[in-house]
Amino acid sequence: MENNIRDAFEKAVFLSMNFRRNSLNKIGLYPGQPIILLLIEENPGISQKSLAEYAKISRPTLNVMLTRLQKNGLVEIKYDKNNSKISKVYLTEEGNKKNRYAKEILDNLKDIYYIDFSDREKETFEKLLDKISNNIENKMKEEKNEND
């Protein structure tokens with residue numbers, strides 16, 4: 001029974017990620033980019049250091065993402081006038097447009113996920129997913145503590 005649950009869960013995650021990736025590709029975005037665009041929208045002029053912390057990604061990973069976003073004209077990076085070591089990130093007009101499209105896509109995906117779900121089923125499912133997330137986070141903390 002547990003294998004069936006795991007297999008069904010992994011299949012749903014796999015299909016969800018593929019559907020999301022394909023939907024975002026249609027507007028020229030990669031899966032990790034919408035969260036970066038959203039964080040910049042919510043925090044115009046955010047430093048790269050803070051952006052990496054909020055997004056929970058490494059600074060080198062963020063640098064690669066920002067370089068790609070900048071190359072595609074979605075973000076603008078400006079250096080602080082008082083400290084040239086601090087760079088601040090802003091959305092361009094095109095970045096704002098892509099961000100709006102990405103939000104629409106992700107909202108539509110939520111609607112697709114829950115077709116034929118009752119409110120009670122959605123609530124129960126959310127609680128179950130929270131339990132899974134907590135179990136994984138606790139295990140990761142436990143393993144980190146063992147390695148320290």
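What comes next is a walk through the structure. (Residues numbered from 1 in each chain as written. Predicted model: local features only at pLDDT ≥ 70, side-chain atom pairs only at ≥ 80, totals over all residues. Heavy atoms only, no water.)

1. Some points on the overall build of the protein chain
Thinking step 1. Helix and strand content of the protein chain: six helices and three strands.
Thinking step 2. The helix and strand sequence of the protein chain, counted from the amino end, reads α-α-β-α-α-β-β-α-α.
Thinking step 3. In terms of overall dimensions, the protein chain is more spread out than a globule: its C-alpha atoms have a radius of gyration of 19 Å, far above the 15 Å expected for 148 residues.
Thinking step 4. Along the first, second and third principal axes, the C-alpha set of the protein chain runs to 60 × 45 × 25 Å.
Thinking step 5. Taken as a whole, the protein chain presents about 11300 Å² of accessible surface, with 51% of it coming from carbon and sulfur.
Thinking step 6. Charged side chains of the protein chain number 26 positive and 24 negative; the gap between the two group centres comes to 7 Å. (Helix = DSSP H or I, 4+ residues; strand = E, 2+ residues; numbered from the N terminus. Rg over C-alpha atoms; globule rule 2.2 N^0.38 Å. Areas by Shrake-Rupley, 256 points an atom, 1.4 Å probe, with all protein chains shown as cover. Lys, Arg positive; Asp, Glu negative; His and termini not counted. Charge placed at Lys NZ, Arg CZ, Asp CG, Glu CD.)

2. A word on helix α4 (residues 59-71)
Thinking step 1. With 13 residues, α4 should cover 18 Å at 1.5 Å per step; its first-to-last C-alpha distance of 18 Å lies within 8% of that length.
Thinking step 2. Residues of α4 that are buried include every one of Leu62, Met65, Leu66 and Leu69, and no others. Angular distribution of buried residues about the axis of α4 spans 100 degrees; they occupy a single face of the element. Facing away from the buried side of α4, by more than 90 degrees, are the exposed residues Pro60, Val64, Thr67 and Lys71.
Thinking step 3. Its buried side turned inward, α4 meets α2 (33-42), α3 (48-55), β2 (75-79) and β3 (87-91).
Thinking step 4. Following α4 by one or two positions, Gly73 has its phi on the positive side, about 75 degrees. (Expected span 1.5 Å × (residues − 1). Buried < 20%, exposed > 50% of the residue type's maximum accessible area, 1.4 Å probe, protein only. Arc of directions from axis to C-beta. Contact = heavy atoms within 4.5 Å.)

3. Some words on the pairing of β3
Every regular strand shows the same layout, with side chains that alternate between the two sheet faces.
Thinking step 1. Judged by which residues are buried, β3 turns out to be one-sided: Ser87, Val89 and Leu91 face inward and are buried, whereas Lys88 and Tyr90, on the alternate face, are not.
Thinking step 2. Note: strand β1 (residues 46-47) against β3, two bridges, orientation antiparallel. Paired with Ile46 across the strands is Val89, a residue of β3.
Thinking step 3. Of the strand pairs in this sheet, β2 and β3 are connected by five bridges, and their pairing is antiparallel. Counterpart to Ile77 in the pairing with β3 is Val89. (Pairing = 2+ DSSP bridges.)

4. Some words on the nonpolar core
Thinking step 1. With 23 residues, the main nonpolar core has Ile36, Ile40, Leu51, Leu66 and Val75 as its most contacted residues.
Thinking step 2. Contributions of two or more residues to this core are made by α2, α3, α4, β2, β3 and α5 (93-113).
Thinking step 3. Beyond its immediate stretch of four places on either side in the chain, Val75 contacts Leu37, Ile40, Leu66, Leu69, Gln70, Val89, Tyr90, Leu91 and Thr92. (Core = buried A, V, L, I, M, F, W, Y, C linked by side-chain atoms within 4.5 Å.)

5. Remarks on the environment of Tyr101
Thinking step 1. Relative to the elements of secondary structure, Tyr101 occurs in helix α5.
Thinking step 2. Judged by its relative accessible area of 37%, Tyr101 falls in the partly exposed class.
Thinking step 3. Distance in space between the C-alpha atoms of Tyr101 and Ser87 is 26 Å, their sequence separation being 14 residues.

6. Thoughts on the packing of aromatic side chains
Thinking step 1. Under the defined criterion, the tally for this structure stands at three aromatic pairs.
Thinking step 2. Relative to Phe125, the ring of Phe117 has its centre 6.0 Å away and its plane inclined at 65 degrees; by these criteria the two rings are edge-to-face.
Thinking step 3. On the basis of relative accessibility, which here comes to 32%, the residue Phe125 falls in the partly exposed class.
Thinking step 4. Note that Arg68 overlies the ring of Tyr30, its terminal NZ or CZ placed 4.4 Å from the centroid.
Thinking step 5. The positively charged end of Lys78 is found above the aromatic ring belonging to Tyr90, 5.1 Å away from the centroid. (Phe/Tyr/Trp six-rings, centres within 6.5 Å; stacked < 30°, edge-to-face > 60°. Lys NZ or Arg CZ within 6 Å of the ring centre and 35° of its normal.)

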